[in-house]
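Architecture at a glance
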Amino acid sequence: MSGLGGTRLYLATAFCARTAEEGMAVGVVMLAAQRLDDATQGAVVLAAWMAPHVLAAPTAGALAARARRPRAFYSVALAGFAAAIAALSMSVGRLPLPAVLVIAAAGGCCGPVVSGGLSSLPALMLGPGPEQDRAYALDASVYNAAGVVGPAAAGSAAAAVGSGAALAALAVAAAAAAVLACALPLPPRPAARPDASAVRGDLIAGLVAVWGSRELRAITTATSLAFVGLGALTTTAVLLADSQRRPGTGGWLMTAFAAGALAGSLALARLRPAADPVRLAVTGLAGTGLALAVAALAPGPLTCAAAFAAAGVCDGLLLTATLRLRADHAPPNRRTQVFTIGAGLKVSAAALGAALVGGAGSGSAAWDLAAIAALHIVAAVVYAGIRRRPGSRKEPTVINEAVRR
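Notes on the structure in this doc start here.

Cut-offs applied
- Residues numbered from 1 in each chain as written.
- Predicted model: local features only at pLDDT ≥ 70, side-chain atom pairs only at ≥ 80, totals over all residues.
- Heavy atoms only, no water.
- Helix = DSSP H or I, 4+ residues; strand = E, 2+ residues; numbered from the N terminus.
- Buried < 20%, exposed > 50% of the residue type's maximum accessible area, 1.4 Å probe, protein only.
- Contact = heavy atoms within 4.5 Å.
- Core = buried A, V, L, I, M, F, W, Y, C linked by side-chain atoms within 4.5 Å.
- Salt bridge = Lys/Arg side-chain N within 4 Å of Asp/Glu carboxyl O.
- Expected span 1.5 Å × (residues − 1).
- Phe/Tyr/Trp six-rings, centres within 6.5 Å; stacked < 30°, edge-to-face > 60°.
- Lys NZ or Arg CZ within 6 Å of the ring centre and 35° of its normal.

A closer look at the overall build of the protein
Of regular secondary structure, the protein possesses 17 helices and zero strands. Counting all 405 residues of the protein, 53% fall into the buried class. Of all intrachain contacts in the protein linking residues separated by at least 6 positions in sequence, the fraction that spans at least 24 positions is 85%.

Printed below as a string of structure tokens:
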């Protein structure tokens, strides 16, 4: 299969899987509200779905990196992801909560493969160069498109045919990704040692690869900090709309943000796919912060929505930069682990942000939004500060020795 054909197949696989993942946040809460007349259990199930990401990410990355047949590994992982969503569609509100939480946690363990593991594949299919850069810009577009389509599809399907059927449809999308993954042009790897000590060594080496590289340490720390804010953004947008006497329009603000992110990543893929990822990261972090600060001070709904869209554009640039920096600076044999660990930390940071705004918010949506904006500005400063820290000349040796052990 040609590089272009392989890229298209990968993007279709990633879009189906991530649409299912993004739709889960809406679907499972709506299902609990419909069957139990209480969305609280849905929030608990969603937390159980998200919580394993940070713990499962190193293991998922190590197993993916050691898989002799990568296509089979990703197909099985995506099939497990689909099976967990299907099981939740049938069990929420019908089985005891502990059993539902076990199912959600099992599905969440497959999450790092969807959110991070898949993004390691373009670097395996394509050599370094403009084609790979463009593939990562398009991969960021897939993330953002799924962020728009997934929740909208789940909500529309729930209204039309019921929340259970909506969640089942998301399971079908994940199953389609599993089928498509069977055809990805991923060559088999040499057989790896199956002993447990080797797997433990891979886990440690993956963490060392992230922390031992100045570039990876910088982008991982900065994006995790920014995602504490992004995790709180949906709730803050709803509260902001309510405080401005526009109840129900908070969802439109998040739609504007997601649409802006999609536009930013698509424009980058078309116009400047080889743009310097370091500058993109700084621009994305600082730009998102400044745009959200404008939204916090916006005098009217149109200005606020435009500011959210501008913040989304900058977030789209940041995601593209993040994917490229991981691909460029991860050791080739640890690339999958770097992607899964980075994605797991971001998801966990977002969950923390959602919990913080719910339990320790300032009481003012505008101030909460200003705090989210400030987190992004601080993240930009942290990113630049870590990159400029002295002593980076020894970095490659540290990483290579850690990986060999």
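Now that the structure is up, let's keep going.
Considerations on the nonpolar core
In this structure, Tyr 10, Trp 49, Tyr 74, Phe 81, Ile 85 and Leu 88 are the most contacted members of the largest nonpolar core, which totals 53 residues. At eleven residues, the largest contribution of residues to this core is made by helix H1 (residues 3-36). If sequence neighbours within four positions are ignored, Tyr 10 has contacts with Arg 18, Leu 118, Ser 119, Leu 121, Pro 122, Met 125, Asp 139 and Leu 184.

Describing the pattern of salt bridges
One pass over the full model with this rule turns up four salt bridges. One salt bridge in this structure joins Glu 215 and Arg 387, with 2.9 Å as the shortest N-O distance. In this pair, Glu 215 is assigned in helix H11 (residues 214-243) and Arg 387 in helix H16 (residues 365-387), connecting sequence segments 172 residues apart.

Brief notes about helix H4 (residues 70-91)
For H4, with 22 residues, the first-to-last C-alpha span of 31 Å sits near the 32 Å given by 1.5 Å per residue. Within two residues after H4, Gly 93 carries a phi angle of roughly 80°, on the positive side.

Notes on the packing of aromatic side chains
If you walk through the whole model with that rule in mind, you get three aromatic pairs. Plain terms: the ring middles of Trp 49 and Phe 81 are 5.4 Å apart, the flat faces sit at 50° to each other, and that makes the pair tilted. Taken together, the positions of Trp 49 in helix H2 (residues 40-50) and Phe 81 in helix H4 put the pair 32 residues apart, joining distant regions of the chain. Note on Phe 81: relative accessible area 0%, which makes it buried. Each ring, one from Tyr 136 and one from Phe 339, has its centre 6.0 Å from the other, and the planes form 10°; the classification is stacked. Taken together, the residues Tyr 136 in helix H8 (residues 130-161) and Phe 339 in helix H15 (residues 335-360) connect sequence positions 203 residues apart. One residue, Arg 18, lies across the ring of Tyr 143, its end atom 3.8 Å from the ring centre. Seen from the ring of Trp 211, Arg 217 lies directly overhead, with NZ or CZ sitting 5.5 Å from the centre.

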